[in-house]
Amino acid sequence: MRGLNKVMLIGRLGKDPETVTFESGVSKTSLALATNEIYRDKEGNKIEKTDWHNVVMWRGLADVAAKYLKKGSRLYIEGKLKTRSWEDKDGNKKYITEVEATDMHMLDSKSESQQNQQGNYDTPAKPVTVANEPKSMIETPDETDLPF
């Protein structure tokens, strides 16, 4: 049986994307994505837990992220977990696990993006689809196509 390595996250960027373009012309964008979980403890107190995810995007997807995303942007990310290792300056082996994004949906509307600069995140948004595919395969969902 084959394995499955799939990650789906919805969250907000904790800082602006960081992009690096290599000599080969390939670009890589790194994101810090926060996801929240809210629940009540035994005493009924509301508890909010935030997890941070390191997300990496390559090539065209990296270019789109660098151009349109900023701190506070709301995203849906789909990808797979990757672990890489390196040696630090003292010779110690270090490891990091990242989400290598293969698909991204920007969940902020244009007006919400402008409001995000002021810290208002309550406006509902129409998602915009951006995939690491040729332009002819990119779809923008239409609200009239919803099945409910």
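Residues numbered from 1 in each chain as written. Predicted model: local features only at pLDDT ≥ 70, side-chain atom pairs only at ≥ 80, totals over all residues. Heavy atoms only, no water.

A.B. asks: Mind laying out the overall build of the chain, listing which residues take part and the relevant values?
C.D. replies: Counting its regular elements, the chain contains two helices and seven strands. Helices and strands appear in the chain in the N-to-C order β-β-β-β-α-β-β-α-β. Within the chain, the fraction of its 148 residues that count as buried is 30%. Sequence-distant contacts in the chain: of pairs separated by 6 or more residues, those separated by 24 or more amount to 55%. (Helix = DSSP H or I, 4+ residues; strand = E, 2+ residues; numbered from the N terminus. Buried < 20%, exposed > 50% of the residue type's maximum accessible area, 1.4 Å probe, protein only. Contact = heavy atoms within 4.5 Å.)

A.B. asks: Let's hear about the side chain of E78: which residues, and what values?
C.D. replies: If you trace the backbone, E78 turns up in strand β5 (residues 74-87). Here the side chain of E78 touches Y76 through a polar contact of 2.4 Å, side chain to side chain. Ignoring anything within four residues of it in the chain, the contact list for E78 reads K6, V7, M8, E100, A101, T102 and D103. (Polar contact = N/O pair within 3.5 Å; in protein donor to acceptor, adjacent residues only side chain to side chain.)

A.B. asks: Go over the environment of L81 with me, naming the residues and quoting the values.
C.D. replies: Among the structural elements, L81 can be located in strand β5. It is 8.8 Å that separates the C-alpha atoms of L81 and A101, two residues lying 20 residues apart in sequence. If we skip the residues at most four places from it in the chain, L81 touches N5, V7, T97, E98 and V99.

A.B. asks: Any chance you could break down the nonpolar core for me, citing the residues and the numbers?
C.D. replies: Formed by 17 residues in total, the largest nonpolar core has its most connected members in V55, M57, L69, L75, I77 and M104. Elements with a contribution of two residues or more to this core: β1 (7-13), β3 (27-40), β4 (46-58), α1 (59-68), β5 and β6 (93-106). Sorting elements by how many residues they give to this core places β6 first, with four residues. In contact with L75, not counting residues within four places along its chain, are L9, I10, G11, L13, L31, L33, L69, M104, H105, M106 and L107. (Core = buried A, V, L, I, M, F, W, Y, C linked by side-chain atoms within 4.5 Å.)

A.B. asks: Report on the confidence of the model for the chain, specifying residues and quantitative values.
C.D. replies: Summarising the model, the chain shows a mean pLDDT of 82, and 74% of its residues fall at 70 or more. Per-element confidence in the chain is highest for β1, whose mean pLDDT is 97, and lowest for strand β7 (residues 128-131), whose mean pLDDT is 46. (pLDDT = per-residue confidence, 0-100.)

A.B. asks: So what's going on with α1? Residues and values would help.
C.D. replies: Buried residues of α1: L61, A62 and A65, and no others. Buried residues in α1, looked at end-on, bunch into an arc of 100°, giving them a common side. The exposed residues of α1 that point more than 90 degrees off its buried face are R59 and K67. (Arc of directions from axis to C-beta.)

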